[in-house]
Structure formats: C-alpha cells, structure tokens
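Below, each chain spelled out in residue letters.
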Amino acid sequence: MHIFILNSLISLLVSTKPVIPLYEQDIRPILKAHCFECHGEGEKLKGGLDLRLKKLIVKGGDSGPALVEKAPEKSLLIEKILSQEMPPGKRKLNAQEIELLNSWISNGANTAGLETDIKEAGFIITDNEKKHWSFKKISSPKPPSVSENELVKNPIDAFILKKLESKGLKANKNAEKHILLRRIFMDLIGMPPTPEQLRDFIKDNSIDAYEKQIDMLLASKHYGERWGRHWLDVAGYADSEGFDGSDIVRTNAYHFRDYVIKSLNNNKPFDQFIMEQLAGDEMISAPYETAPPGDLEKLIATGFLRLAPDGSSSKDVDIKLSSNQTIADTIQIVSTSLMGITVQCAQCHNHRYDPISQSDYYRMRAIFEPALNWKEWKTIAGREIKIQYPKDKSISEELEKKAVVLDKKKAERQREVEREEFNKSLEKVPTALHGEIKNAFETPISKRTPEQKKLLSNYPNSNVNVGLIIQRNQKLSSEFKSYTDEIERIRSSKPTVTSYRVLTEVPGKVPVTNRFERGDYDQPKETIKPGHFQIFLGHNLEPIPEDDPSIPTTGRRLAFAKSLVSENHPLTARVLVNRFWMHHFGKGIVENPGDFGKLGSPPSHPELLDWLASTFIKSGWNLKEFHKLVMTSNTYKQSSVRTEELQRIDPDNILLGRMNVRRMESESLRDSILKINSKLNEKTYGPPVPITPDDYGQIIIGTDTRDGAGRFTGKKVDLKGEEFRRSIYIQVRRSTPLAVFESFDSPIQSPNCEHRNFSTTSTQSLLMLNSQFIQEQSEFLANKLQDHAPSSIEEKIKLAWNLVFTCDPTDNEMKASLSFIKDQQTFFSKGQTDKNNKVDLQSLTIFCQAMLISNRFLYID
C-alpha cells in the first residue's frame, strides 16, 4: 500500500504541468452558448464576424481580426467581453469562462487539429461534438481482468473492481443476510419482508437461497406496482391536468397507470413497451372503438403522450398558447425519458451546449403533430375513445330486459295498490256516481275531460297518491324497496361503456409543421419535415416517412419508436439501463439521468454502461433479467459500511467500493408502514383513491365534502378500506400532493420527474411526530404486538424489531428498548389510580412511533 501511495504522488508531481485549452473542447462551447446565435448560426452574420472556427475568429469581421495569438490584451474578442459590450443583454460570461478564453489566447489559441472550411453560415456539428461519449455507437466491451478474480460473481464486478484496483481500493464484503433480504424486498416491491420470510431466509442455507428470493419477488404482483411508480415519474403521470390553478381532474388517466403495472408484471420486452406508448395506435387497425383487448392495450399505452399538462378545458384559456405548451411538454417528456437529452432547450434557438439545432427540434415536433395538431386542437373529451365490446353489449341488453320486466311488475303492483285505495275511497262517494268517477279515475291524466277533472276534485279522496300510501305503509315500503333494489342491482351490474385517454391521428389530415421564430407560434417560418436529429445521421437509423402508404396513419411515430429501440441508436438503451441502475444503487452511472449532453456528468464507468446497454439489448430488452443480473453481483451485495480508506479516496462512492445508503421514497414509506401493520389493502388497478384538504389545509386521503362555497361540512365518507391501498393507487394532483408524499420529496411533475430529490428537512421530523397517519399506525402496531406477542415485553420488542427493522435486536438494543418503555410507563402512570392495560398500550405506542420515525427504518442499507 505504501508503494502505491508513493507511486501516486510521483505520478501527481509528473503530471502537474498546466493543461493547455483547445478551441474545440474548451472554447467553442462557451462561444456557442453566448455568441453563435449572432456570429455564425443565425440567419445574418452580425458585424461580419464568424466565431465557429478559430481561423474565422483570426480573420475577424468588419472591425478587423478578433484575436491576436498569445496577446489577449490586444484581442478584440477579449476587449468586447471585458467591456460588457458583448454578448448583448443580461447574460454575460462568468469569470471562469473569461479566464479560460484568456488562457487559450495566451497559449497560442490552439486547436485539436486542422480545421475544415465552412462555406456558409448556419448550424454545424464538429468532429469533437460527434465524439461526445453519448453520441457514439454503443459498444460491447469485454469485461476486464482483475487481480481478485474470486470476487467476480458476474461481469459487473469485473468492471467495478478494475476501477477500484486502479485507485488501490477493494470492494466491501457482502452485507449480512437480513440486510440483503430487506434490500431486495425494498428494491423490487417497495415493502419489507415479514418476520416469517426473514426466519425462513436465515434458516435457508442452500446455495441458491438468495436467488430464490429474487425470483419470488420478481413474480410478485407488487413488483409492477413498485417499478411502475419509477416509470410514472419520468412519464409525468398525474390524475389532473395541472395547466393552471384549477387543476382539473383527469377521470380516465388511471388506465395508463394500470397498463404500466401490468406490462412490467408480465415482463413485456421494454422495446415493445416503448413502441406501444409512442405509437400503439399505429400498430393496430381502426375503428378503435371496436378494438379487441390486445389492441386496446396498445391504445391505452398511447396515454403516455397525453400525460403532459393540458389547459384545453380551463376557463378562458388561450387555446393556441395552451396547445403549443402541451406539445412542447410532450416533447420534453419523450426526450428526457427515452433519449436523456434536453431537447426543449432548442425550441427557441439552436441548443447552446449540445449539437441540436432549432430545426432538429421541429423535426421532432413534426413527428407528433399529426396527432397533436395545434391548428385543429381537440378538446380533452374529444380525444377519448369509448369502448364496449359486442359481448358486453349483449350482456347489457339481456340485463336491461330483466330490469324492464321488474319495472313492469313494480308498475303493475303500484296500479294494484292504487285500485285498492280507490275502491276504498268510493265508500264516501254517492253510489250513483261510482261508474262515472271510476271511469274518470281510469282515464289517463292527459286525456281527462274538464268534467272528469272537476268530478275528481269534488271528491279528493278519489285522487289516490300511491307514493304517499306506500311510504306510510311499512309493509308496502319493504315490498317496493325490494323491487327498487333489485332493479338497481341488475342495472349496476351491466358492463360499462369505458372511456380511455389515448392519442390517435385523424386519417387524411396531415398538418404542415413550421419552424417558429424564437419559438413564437405567431411567427411561422420555413416548413420542416419529420426526421432524426442531424447528430444521429451517421447511425443508420431508418428514415421517418412523411406519410407511410402502408398504414392508414402517417407512420411517423411508429418509425420514430422503431428507431429509438434499434441497436444502432446511441441513447435509448444507455438511458434506460442507467435509470434502472440508479433505482438499485441510488445514483446512476451517469449522475443526471435526464441529461447525457455536454452539461451532464460523464459516466463514472463508461465501459460498464455500454456493456449493460448492449447486454440489455441482446437479452430482448428483458428488465427482469437485468434486475437479476445486477442484484446477484457482489457489487450490489456489498455492505454499506464506510471504511476509512474508502472515505478518504472516494468519499462520494463514485467507484462503488460499498453500497450506498438510500432513503425510502415517500410511497414506500407509507406502504411499508401499512404492510408492517397488516393494514394494506392489496386490491390492484382501478380508479384512484381520492384526496382532499382537511380543516387545517393539509392534503389527506378522503372524499371532498366541502359545500359550493368551499366550506367544510364536517361530513365523512366511508372509503371502505380504499384508504389503505398502495400509494400508487392514490390520486395524483399536480397542485395538491398528499402531505406525507410532499414532505418526503414526491415527484414534481412539471411536466415530468427525471430524478427525485432526497432532502432532509425539519418538516419531515415534524410530520413523523405529529402526523395523524403515523400516530394511528403506531397504535395499530402496538395493538398488533400485544395480540401476537402476549407472553412478555421482550417478545413484543423482538417482534417489533423483526417487523420494522428486519432483524433481531442485539442484547444492548433489547436493554435500551426495555428502558425506554419503562420510562414511558412511569410517565403515563402518573396520576393513574387504577391498574389497567391503558398505560402499557400508551407506552408501547410511543415505542412503536419511535421505531417508525427512526433513520434505521427510513433508510435502506
């Protein structure tokens, strides 16, 4: 080790000569961000000065040469920048950028090589930009050799160990069995194991005990709920429109949420999953209203492109403004979730940092405009598809016939009661008038003559109110209620006509796409055809047609989707495996999962990223296989213990010499507590569970019972256990997230969430101490401990430890727990004269709350 440190110091001393800036790598990005719009890429070359090449800067413009090599003080470029004259506007170069320009010129204004000639102004892509790591073809690197080969369980370990060994580091040992069990449960289903599952795993000494647990979890219905939530984040899923403060509820968005969960549970190949979401409607035949179940699934998948905020139904909305914003948000969702690049930055001008032109942006927009035509924008309701299958229609008709039969029976019985009451009323009518008044009574009201009406009014008892009679007669009232209940039951059991929020094109209507000057839809410029970004032109992607003659739709989205999942596309597979890796390790190989461009961080392990991407493609885009590959590696199974050496050399754990400690997401926190208490309602799919503000303004689970003026009525609606469903089924309102979710960094869908924040704030502690949910669940847990471990307090503590922490308490932890509970008992027994179980329950409840709000529960080792 001493030799290694000495060699490192020698290497450091040898390599201390200053790095000389180069135009392509260091200077061009600065000028592109601040200057190219006026000096090279714009329609007009201002001042005759082109800054796109070093030799053009030397040549200069109307004011002469813009730089003098090795003399920044004589260079016009530096003079204009230091005087704040350039660039115009408020956005100026920072001190670091100015210093880099100075250094570049002082060192001779070097370039990486010979510069090619540029014949005309406009957007160009340099060789240096083409060589950016994320725009290169995905490679299939061979796993490297390492000195400690016995630590390599699969190729992932080889790539990780190689980097660690290069720094003189070693990987941590595997974590203890109970830690691994909790880790894989939380990763794959978002809830901890039961004490029984813990005991069985600890006792299982078979060689594949760990792998069996992974297989069991991957087969669980809860897997799709857990990993579906990850996808819904980047997709921008919400149950409300979110365009303005009204935040109108989306009643049918949940079908897409259910599609995602089912697809992941069924291990649908991820390339198919992507294609269906981008172009499911182009993969099936119209009419969509009669689509069979398999085709309906593909239609529902296009709800992915209907998740962006949409102001179409908002009051007094500017449709041109809202529709164009919805299109822009949709493009942002697609590009960040699948391509990992910030395409939205090129909406108004060429991207300031990445090789994406404004024309590229509108090429991508042209792919979606046949379905999102802002010039003939469809209302939200107008985009829905209503479906009832012939079989269901037939069932509905048969049920309606049964209901009609009962309707007639009920009406006949009412008429019978009416006649009986009328006949009784005749006792008070002169016998001579019986025939005449009986005839008037049996004549329909609309056909009665004035004389008949007068006759009946003279004898009001003859005007029988059958409804009032039934209401006042208890026997008649069960009788008729049974008719009504049965009729309602029959009609409510009819298969419903369901509305689906989908995306489709209007056949034969292909709008023209224009580039908007500075992104302003009121300033349309040249026509733009659909196509790939210029940076991808050398990757042999299939071209995107204007109008595919082989299918009724344009086929643009389908061709785009196919290109994304092509093995030739440099981004999609890299972006996906990086995001999957992030959910297993808490941090991606590329730190920012939504920005693989110039401003994003480069991959910490580029060869591993490419190996994972190519392996994922070769597996048939099999996500469950990817999970197992990662989770069976020794890299994943490492302990999270920080060693002194790791902390000194790699404090941020970039090299993965240990497992990262991760905090639970807000949904996992709530779901885990419900699971621990056996309160979880495991019902899957269907409409979301409603949320509402309470009297204090906090958002809770419940039905909104405020009156028309927004006043709280105090009424409570029984949700019949729906309030205990998994968090993925709780309504997602963009403007009003559930309080417990908001405090623990629920995704901010604006328009989507590429990466969640994990903050540590005082409000989290206050919520865990004072939340009604936490207090109620703590008492539920205390009652559970009393019911399931009645023999001793030690047994209760051990069960609590098993449930909450997935382990047995140590001797010291048992002593500390006993002491804590005893202190609580002393506190609660003050002033208590009678001996009962109340003090014990109160003390145990506080103990349970202390466990549920502890870092040991909130964090995953």
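Above this note sits the structure.
The written sequence of each chain sets the order in which its residues are numbered from 1. Whole-chain, interface and lining totals are the exception, using all residues; otherwise, since this is a predicted model, local features are given only for residues with pLDDT of at least 70 and side-chain atom pairs are given and counted only at 80 or more. Hydrogens and water are ignored here; the side-chain numbers use all heavy atoms of the structure.

1. A word on the overall build of the chain
Right, so step 1: The numbering of helices and of strands both runs from the N terminus, where a helix is a DSSP run of H or I of at least 4 residues and a strand a run of E of at least 2. Helix and strand counts for the chain stand at 35 helices and 8 strands.
Right, so step 2: Summarising its shape, the C-alpha atoms of the chain cover approximately 130 × 75 × 50 Å along the three principal directions.
Right, so step 3: Partly exposed residues are those whose accessible area sits between 20% and 50% of the maximum for their type, while under 20% is buried and over 50% is exposed, using a 1.4 Å probe and protein chains only. Looking at the 861 residues of the chain, the share that counts as buried comes to 51%.
Right, so step 4: Expressed as a percentage of contacts within the chain between residues at least 6 apart in sequence, the contacts between residues at least 24 apart total 71%.
Right, so step 5: As displayed, the chain offers around 41600 Å² of accessible surface, 52% of which is attributable to carbon and sulfur atoms. In what follows, a contact means two residues having at least one pair of non-hydrogen atoms within 4.5 Å. The accessible surface values rely on the Shrake-Rupley method and a 1.4 Å probe; as for residues, cover is taken only from the protein chains in view.

2. Some details on the side chain of Asp354
Right, so step 1: Its location among the elements puts Asp354 in the loop between helix H15 (319-339) and helix H16 (358-368).
Right, so step 2: The charged side chain of Asp354 is buried without a salt bridge, its nearest counter-charge being Lys598 at 7.8 Å.
Right, so step 3: For the purposes of these results, a polar contact is taken to be a pair of N or O atoms within 3.5 Å, where, inside protein, one atom must be able to donate a hydrogen and its partner to accept one; residues adjacent in sequence count only when each atom of the pair is a side-chain atom. At a separation of 2.6 Å, a polar atom in the side chain of Asp354 contacts the main-chain amide nitrogen of Lys598.
Right, so step 4: Apart from residues no more than four positions distant in its own chain, Asp354 is found in contact with Lys32, Thr342, Asp595, Gly597 and Lys598. Positive charges come from Lys and Arg alone, negative charges from Asp and Glu alone, with His and the N- and C-terminal ends not counted. Only one rule defines a salt bridge in this text: a Lys or Arg side-chain nitrogen within 4 Å of an Asp or Glu carboxyl oxygen.

3. Remarks on the pattern of salt bridges
Right, so step 1: Under the criterion given, the structure shown has 52 salt bridges.
Right, so step 2: Taking the shortest distance from any N to any O, the salt bridge between Glu241 and Arg501 comes out at 3.0 Å. With Glu241 in the loop between helix H11 (221-235) and helix H12 (254-265) and Arg501 in strand S2 (residues 498-501), this residue pair connects regions lying 260 residues apart in the sequence. The pair Glu241 / Arg501 is uniform in exposure class, with both members buried.
Right, so step 3: Note that Glu813 and Arg856 form a salt bridge whose closest N and O atoms lie 2.6 Å from each other. Of this pair, Glu813 sits in helix H33 (residues 811-829) while Arg856 sits in helix H35 (residues 855-858), placing them 43 residues apart in sequence.

4. Digging into the packing of aromatic side chains
Right, so step 1: Only the six-membered ring of Trp is used, alongside the rings of Phe and Tyr, when aromatic pairs are assigned; centres must lie within 6.5 Å, and planes under 30 degrees apart are stacked while those over 60 apart are edge-to-face, with the rest tilted. Under the criterion given, the structure shown has 30 aromatic pairs.
Right, so step 2: Ring centres of Trp231 and Phe304 lie 6.2 Å apart, and the angle between their planes is 20 degrees; on these two criteria the pair is classed as stacked. Here Trp231, found in helix H11, pairs with Phe304, found in the loop between helix H14 (293-301) and H15; they are 73 residues apart in sequence, far enough to count as distant. Comparing Trp231 with Phe304 shows no difference in burial state: the two are buried.

5. Some points on helix H7 (residues 155-166)
Right, so step 1: To estimate the expected span of a helix, count its residues, drop one, and scale the result by 1.5 Å. For H7, spanning 12 residues, the distance from its first C-alpha to its last is 17 Å, which sits close to the expected 16 Å at 1.5 Å a residue.
Right, so step 2: Here H7 has its buried residues at Ile156, Asp157, Ala158, Phe159, Ile160, Leu161 and Leu164.
Right, so step 3: Contact partners of the buried residues in H7: helix H23 (572-585), helix H24 (606-618), helix H25 (623-631) and helix H26 (634-637).
Right, so step 4: In the stretch just after H7, Gly168 is the one whose phi turns positive, near 75 degrees.

6. Re the nonpolar core
Right, so step 1: One finds Trp231, Phe256, Phe270, Leu278, Met339, Phe368 and Phe560 to be the most contacted residues of the largest nonpolar core, which totals 128 residues.
Right, so step 2: Look past the residues within four positions of Leu278 in its chain and what remains in contact with it is Phe304, Leu305, Val334, Leu338, Phe368, Arg557, Phe560, Ala561 and Leu564.
Right, so step 3: Here, nonpolar core refers to any group of buried Ala, Val, Leu, Ile, Met, Phe, Trp, Tyr and Cys residues whose side-chain atoms link them within 4.5 Å. In this structure, Leu738, Leu803, Leu841 and Ile860 belong to the second largest nonpolar core, which totals 40 residues.

7. Observations regarding the packing of helix H28 (residues 666-676) against helix H31 (residues 772-788)
Right, so step 1: Interaxial angle, 0 to 180 degrees, is taken between N-to-C directions of lines fitted to C-alpha atoms, where a helix line uses only the stretch in contact. Put simply, H28 and H31 touch, their axes get as near as 9 Å, and they point 25 degrees apart. Classified by the interaxial angle, the pair formed by H28 and H31 is roughly parallel. Crossing of H28 over H31 shows left-handed handedness. Where H28 approaches H31, its residues Arg670, Ile673, Leu674 and Ile676 are matched on the opposing element by Phe773, Ile774, Gln777, Leu781 and Lys784.
Right, so step 2: Residues belonging to the contact of H28 with H31 are distributed by class as follows: 6 nonpolar, 1 polar and 2 charged. Comment on the angle field: the value is read as roughly parallel under 35 degrees, roughly antiparallel over 145, roughly perpendicular from 65 to 115, and oblique elsewhere. Each crossing is labelled by how the near helix is turned from the far one, with a counterclockwise turn of less than a right angle marking it left-handed and a clockwise turn marking it right-handed. Just so you know the grouping, Ala, Val, Leu, Ile, Met, Phe, Trp, Tyr, Cys and Pro go in nonpolar, Asp, Glu, Lys and Arg go in charged, and all remaining residues, Gly too, go in polar.

8. A word on the environment of Leu623
Right, so step 1: Along the chain, Leu623 falls in helix H25.
Right, so step 2: Spatially, the C-alpha atoms of Leu623 and Asn267 are 6.8 Å apart, while their sequence positions differ by 356 residues.
Right, so step 3: With sequence-adjacent residues up to four places away left out, Leu623 is seen in contact with Tyr223, Leu264, Asn267, Phe270, Phe580 and Phe616.

9. Considering helix H10 (residues 209-218)
Right, so step 1: Burial runs high along H10: 7 of the 10 residues are buried.
Right, so step 2: For H10, the full list of buried residues reads Ala209, Tyr210, Glu211, Gln213, Ile214, Leu217 and Leu218.
Right, so step 3: Against helix H8 (177-188), helix H9 (195-203), H11, H25 and H26 lie the buried residues of H10.

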